[in-house]
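Residue strings, one per chain:
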Amino acid sequence: LTVRASSYADELVKTAKTIASPGRGILAMDESNATCGKRLASIGLENTEANRQAYRTLLVSVPGLGDYISGAILFEETLYQSTVEGKKIVDVLVEQNIVPGIKVDKGLVPLAGSNDESWCQGLDGLASRSAAYYQQGARFAKWRTVVSIPNGPSALAVKEAAWGLARYAAISQDNGLVPIVEPEILLDGEHNIDRTFEVAKKVWAEVFFYLAENNVMFEGILLKPSMVTPGAECKERATPQQVADYTLKLLRQRIPPAVPGIMFLSGGQSEVEATLNLNAMNQGPNPWHVSFSYARALQNTCLKTWGGRPENVQAAQEALLVRAKANSLAQLGKYTG
Ligand code: 13P
């Protein structure tokens, strides 16, 4: 039985390789309006479209950003938005040599029949939305689902997460978007690093089982895993070396070398911690590009420095560039602090 390949196959491989290029990673700036509202509230700003536009304009216009950032994930509002000066944000990114991406999932809702776990919505209408996003300039997509360790994870929740990611990945490829496959294993909990490793192994086994079953082309996807760390409330903390050892062991056992890039999320780690952990993972050769797709670990200082004041824009942009450059060096295994 042969399966029709995506008519975008060559382009998907090229897009994935461009995003996974040496010394570069992804700027996740796809906070939903609700999450962006929380970030703006932390600096005393109202969650208005104008404030979100001002902040996103600041981010995408950092001079030289494309030296360190290969892709930027946008929320739907931003994909169709212009900068404060009236230029399409997508065009600004392309001029910076940054590939525009789009968050396509519709968020988490309770998973009936589980142990208070959740599942991710958004498959209905996804094909037509993806085609429209491609028209608008997006070339990759993100779908984030979560797995909770303290709440199980139940076999049902893991299966649902893996199946949803696989359907989304197949639909994205069919419409020319490189899917970022993101089953976030939440940090919350008192569990130790061995428990995280065990759960992550199970999750990635199922994800790749269903990706294969859905005929997803591995050369045209990117992954966004959580690093393997102890739970946030676990008393034993792990060094960057331990995080790197556990995480690389997981990847080697579960991720085929056909996958071009592994772009980690920061998941609540501090800016420096996220950089050190990435750097530790790049001390030897890896079969895939091992890099970053950070939101908080790239933006925290930038956002605080800005504080919503026009006179701080330049300093805030410099702060973002400092983090982007540090993570670029960490991608190359050359970060020295
Ligand atoms: P953090 O790096 O803040 O975890 O966010 C990355 C992301 O996009 C989660 O989906």
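Just so it is clear, the structure is predicted and the values come from calculations on it, not from any experiment. (Residues numbered from 1 in each chain as written. Predicted model: local features only at pLDDT ≥ 70, side-chain atom pairs only at ≥ 80, totals over all residues.)

Student: When you look at the nonpolar core in this model, what are you seeing that I'm missing?
Tutor: In globular proteins that are soluble, nonpolar side chains generally tend to be buried together. By size, the foremost hydrophobic cluster in this structure holds 94 residues, and its most contacted members are Ile 26, Ala 72, Leu 165, Ala 169, Ile 221 and Leu 222. With 10 residues, the single largest contributor to this core is helix H7 (residues 155–174). (Core = buried A, V, L, I, M, F, W, Y, C linked by C-beta atoms within 7 Å. Buried ≥ 20, exposed ≤ 12 C-beta atoms within 10 Å, placed from the backbone. Helix = DSSP H or I, 4+ residues; strand = E, 2+ residues; numbered from the N terminus.)

Student: Quick question: what am I supposed to make of the site of the ligand here?
Tutor: As a structural note, the neighbourhood of the ligand is formed by Ala 28, Arg 144, Glu 182, Leu 265, Ser 266, Gly 267, Tyr 294, Ala 295, Arg 296 and Ala 297. Looking at side-chain class alone, the shell around the ligand contains five nonpolar, two polar and three charged residues. (Near = placed C-beta within 6 Å. Nonpolar A, V, L, I, M, F, W, Y, C, P; charged D, E, K, R; others polar.)

Student: Sorry if this is basic, but what is going on with the environment of Ser 42 here?
Tutor: With respect to the element layout, Ser 42 can be found in the loop between helix H2 (33–41) and helix H3 (49–60). For Ser 42, a count of 12 C-beta atoms within 10 Å gives the class exposed. Sequence-wise, Ser 42 and Leu 303 are 261 residues apart; in three dimensions their C-alpha atoms are separated by 9.0 Å.

Student: Would you take a moment to explain the sheet that holds strand S3 (residues 99–103) for this structure?
Tutor: Adjacent strands of a sheet form backbone hydrogen bonds with each other and so pair up, either parallel or antiparallel. A barrel is described by the order of its strands in space; here eight strands give the closed sequence S1-S2-S3-S6-S7-S8-S9-S10, paired in parallel fashion. In the sheet, strand S1 (residues 25–29) pairs with strand S10 (residues 289–294) via two bridges, with the strands oriented parallel. Within the sheet, the bridge partner assigned to Ile 26 lies in S10 and is Ser 293. (Pairing = 2+ DSSP bridges.)

Student: Could you clarify how one ought to interpret the packing of helix H10 (residues 271–281) against helix H12 (residues 313–331) in this entry?
Tutor: Think of two packed helices as two axes; the pair is described by the angle between the axes and how far apart they sit. Between H10 and H12, the shortest axis-to-axis distance is 7 Å and the interhelical angle comes to 20°. Looking at the two axes, H10 sits roughly parallel to H12. The interaxial crossing formed by H10 with H12 has right-handed handedness. Each of Glu 271, Thr 275, Leu 278 and Asn 279 in H10 lies in contact with H12, whose residues at this interface are Arg 323, Ala 326, Asn 327, Ala 330 and Gln 331. Considering only residue class, the contact of H10 with H12 consists of three nonpolar, four polar and two charged. (Axes fitted to C-alpha atoms, helices over the stretch in contact; angles between N-to-C directions. Parallel < 35°, antiparallel > 145°, perpendicular 65-115°, else oblique. Left-handed = near helix turned anticlockwise from the far one by under 90°. Contact = placed C-beta atoms within 7 Å.)

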